[in-house]
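Structural description and commentary
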Amino acid sequence: MSLMFSGIGVSRGIVIGEAYILRRNQPEISAQTLKRSEVPREVRRYKKALAEAKNQLEQVRKSIPKNAPSDVSAFIETHLLMIDDSVLADGPLEILKSRACKAEAALEHQRQELQKIFDEMEDPYIATRMDDVNHVINQIMRVLVAQPDKSQSGTSETDWKGLIVIADDLTPADTIVMQNQGVAGFVTETGGQLSHTAILARSLGIPAIVGIHNLRDYIKPGEQLILHGESGMVLAEPEQLMIDSYRKQQRLFREQQRELRKLVDTPAITEDGIELSLMANIEIDEDIKALKRVNADGVGLYRTEFLYMNRDDLPDENEHFQVYSKVARALKGAPLTIRLADLGADKEAGAEITGPLAHNPAMGLRGVRLALSDTTLIIPQIAAILRVSAKSPVSIMIPMLTNLHEVEQCLELIEQAKTQLTERRIKFDKDIAVGGMIEVPAAAIAADQFASSLDFLSIGTNDLIQYTLAIDRIDDRVNYLYDPLHPAVLQLIKMTIEAGKRADIPVAMCGEMAGDPRYVRLLLGLGLTEFSMPPNSLLEVKRALLGSNRQRLQKASNALLKCSSRDSQQQLLTKINKTDSATIH
Ligand code: PEP
Ligand code: MG
């Protein structure tokens with residue numbers, strides 16, 4: 001019997017393939033029996049893993065701040081004692097030798113034996129110490145799993161090919177590796193429309209769904225699935241009739257994609273002669289290839305946070321310079337808007353950089369606030385962007401602005417960097433444009449002030465919607481409230497566009513709304529002419545905008561802002577999106 005599951009569709013496309021269940025915290029333990037001659041090597045492997053796990057714990061102990069509560073270090077001390085205890089140092093080795101099994105299996109067996117003993121303990125406090133034992137065992141297990149036995153084939157290049165991966169969540173690194181290896185699609189149990197994973201899936205063009213809780217409990221590895229990225233639906237063990245029908249839709253989708261590709265060189269001009277700028281949002285190398293495929297006019301948002309992630313130190317000026325120069329060269333003179341590090345909240349870079357986890361990180365020390373509280377994060381970045389500006393048309397964009405003094409401080413840092421470069425006799429563009437992101441309601445309401453201090457504005461709807469509607473952008477439980485058409489959101493967008501007009505500076509939009517074909521005509525009607533989006537959305541957005549007439553759209557778009565019911569809003573939107581805009585009155 002087929003089963004249907006429903007989640008949040010975050011990246012379009014239909015795929016039919018086998019399920020791959022990814023359980024990162026519970027590695028698959030092989031029940032393989034070793035040859036007797038292989039046992040000594042496995043013993044060495046376990047001892048090495050034990051030493052490495054101990055070393056990691058010692059590093060953790062060293063990194064505990066002196067003023068941390070004493071039970072923090074006591075906790076680690078206990079774990080260090082446990083790792084040296086014969087229960088973990090010798091017990092698994094005895095099992096390994098007697099059963100001739102893999103180190104992981106021996107350790108898991110030992111875990112189960114210990115669990116039985118702890119379960120029988122009367123004292124509830126002592127019984128909970130099993131949690132500590134589990135932490136230590138997991139620490140050793142992680143080392144073992146990260147050092148796969150070389151005698152096995154391990155993860156081959158084609159491991160993900162054609163598979164539909166189901167996981168709790170995926171890191172950006174996972175997503176990129178899987179895409180390189182031809183994954184068909186993925187479903188995660190957590191995450192929302194705007195989680196990093198979702199944004200990356202869209203930009204890499206991987207059909208994806210997020211937020212289907214506990215899906216891994218219902219799907220067996222290898223089970224056949226249909227994934228419908230647009231509607232967020234997963235069908236397990238579909239009947240042949242369904243498979244045939246979805247294959248038909250798949251062919252139709254591919255046909256539409258082929259038709260879209262014909263628009264690559266078509267200029268983006270409205271019926272009434274307004275030239276539109278269709279730019280790309282990029283963050284990884286793959287995005288640049290995609291940008292070229294769709295012939296984007298340039299980069300409206302270069303997210304640079306990846307440079308700060310998964311490392312202990314900060315990128316220096318040269319590293320920034322190398323990375324940005326490479327992108328600028330690839331763009332061959334097209335504009336490149338580089339955003340200053342926007343770390344924190346959904347762009348976590350580790351406690352070293354973003355500090356201890358805040359109670360409410362989206363409202364905390366993030367974006368420009370973090371960068372200004374520790375300017376070593378952006379001083380080398382600013383200098384590097386300035387250096388690139390000597391040869392290429394780059395601009396600097398400040399994220400998460402709320403207060404005017406944040407603009408002033410950033411402009412001051414940019415001036416200081418210019419002075420230093422001059423002293424170092426290094427060239428740069430003295431008139432480099434500096435813009436700011438409008439993604440906090442306060443900044444949209446005070447957009448006139450921001451517009452008078454900056455060279456351009458760019459509306460970040462991902463955060464603007466989060467803050468206006470008070471919904472966590474990555475929490476799937478409130479995703480149903482994520483509404484780009486909410487009158488308050490549309491009002492803030494309109495206010496920002498109009499503030500830009502009054503100050504005679506360009507206003508772009510680089511949030512996901514600018515890449516959604518359902519909304520771009522409405523945005524054009526509100527006066528937006530520069531759209532920056534994941535490259536894979538660009539041709540569809542172009543198709544939606546071609547043949548539109550801004551003058552005629554204006555009236556309907558402004559009327560939509562005043563709609564009092566969801567139904568009338570939808571009706572108006574349908575009219576706005578009709579290919580023949582002349583029908584809108
Ligand atoms: C936004 O908030 O709309 C935006 C473009 O920035 P990010 O998604 O990187 O926060
Ligand atoms: Mg943002």
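Here we summarise the structure given alongside this text.

Rules used throughout
- Residues numbered from 1 in each chain as written.
- Chains lettered and ligands numbered in written order.
- Predicted model: local features only at pLDDT ≥ 70, side-chain atom pairs only at ≥ 80, totals over all residues.
- Heavy atoms only, no water.
- Near = heavy atom within 4 Å.
- Polar contact = N/O pair within 3.5 Å; in protein donor to acceptor, adjacent residues only side chain to side chain.
- Areas by Shrake-Rupley, 256 points an atom, 1.4 Å probe, with all protein chains shown as cover.
- Helix = DSSP H or I, 4+ residues; strand = E, 2+ residues; numbered from the N terminus.
- Nonpolar A, V, L, I, M, F, W, Y, C, P; charged D, E, K, R; others polar.
- Donors = N, O, S within 2.8 Å, 3.2 Å for Na, K, Ca; no water.
- Pairing = 2+ DSSP bridges.
- Axes fitted to C-alpha atoms, helices over the stretch in contact; angles between N-to-C directions.
- Contact = heavy atoms within 4.5 Å.
- Phe/Tyr/Trp six-rings, centres within 6.5 Å; stacked < 30°, edge-to-face > 60°.
- Lys NZ or Arg CZ within 6 Å of the ring centre and 35° of its normal.
- Buried < 20%, exposed > 50% of the residue type's maximum accessible area, 1.4 Å probe, protein only.

Another point: the site of ligand 1. Neighbouring residues of ligand 1: 14 residues in total, closest R303, K347, E439, N462 and R473. Note that an oxygen atom of ligand 1 is positioned 2.9 Å from one of the side-chain N or O atoms of R339. Between ligand 1 and R473, the relevant distance is 2.8 Å, taken from an oxygen atom to a side-chain nitrogen or oxygen of the residue. Summarising the interface, the protein chains cover 100% of the accessible area of ligand 1, which totals 290 Å² for the free molecule. Per-element tally for the shell around ligand 1: the top contributor is helix α19 (residues 461–469), with three residues. Considered class by class, the residues forming the shell around ligand 1 number three nonpolar, four polar and seven charged.

For the magnesium ion (ligand 2), the protein coordination sphere consists of E439 (OE) and D463 (OD), at 2.0 to 2.1 Å. Of the two residues, E439 is situated in the loop between β13 (433–438) and α17 (441–445) and D463 in helix α19; the sequence distance between them amounts to 24 residues.

The eight strands are arranged β9-β10-β11-β12-β13-β14-β15-β16 in a closed barrel whose pairing can be described as parallel. Taking each pair of neighbouring strands and ignoring which way they run, the sheet shows an average axis angle of 25°. Contacting β9 (277–282), β10 (299–302) and β11 (336–339), helix α12 (residues 317–331) crosses the sheet at an angle of about 155° to β11. Where helix α15 (residues 379–389) meets the sheet, its contacts fall on β11 and β12 (394–398), and the angle it forms with β12 comes to roughly 155°.

This part is about the packing of aromatic side chains. Summed over all chains, the structure comprises four aromatic pairs. Where F5 meets Y218, the ring centres are 5.9 Å apart and the plane angle is 45°; that geometry is what we call tilted. Of the two residues, F5 is situated in strand β1 (residues 3–6) and Y218 in the loop between β6 (208–210) and β7 (224–228); the sequence distance between them amounts to 213 residues. Each member of the aromatic cluster is reached from another via a ring pair, and the members are Y302, F306 and Y324. If you follow R387 out to its NZ or CZ, it ends over the ring of F321, 4.0 Å from the centre. Directly above the ring of F428 sits K430, whose terminal nitrogen or CZ lies 5.9 Å from the centroid.

So, about the sheet that holds strand β5 (residues 185–188). Spatial ordering of the open sheet is given by β1-β8-β7-β3-β4-β5-β6-β2, a layout of eight strands whose pairing is mixed. Unpaired on one side and paired on the other, β1 and β2 (8–11) mark the two borders of the sheet. Each neighbouring strand pair of the sheet contributes to a mean axis angle of 30°, computed without reference to strand direction. Against the sheet, helix α10 (residues 240–261) makes contact with β3 (14–21), β7 and β8 (233–236), and its axis sits at roughly 120° relative to β3, the strand it touches most.

Okay, the pairing of strand β14 (residues 456–459) next. Strand residues, when the strand is regular, have side chains that alternate between the two faces of the sheet. The side-chain alternation of β14 yields two buried faces, one formed by F456 and S458 and the other by L457 and I459. When β13 meets β14, the two strands line up parallel, connected through four bridges. Its bridge partner lying in β14, G436 is registered against L457.

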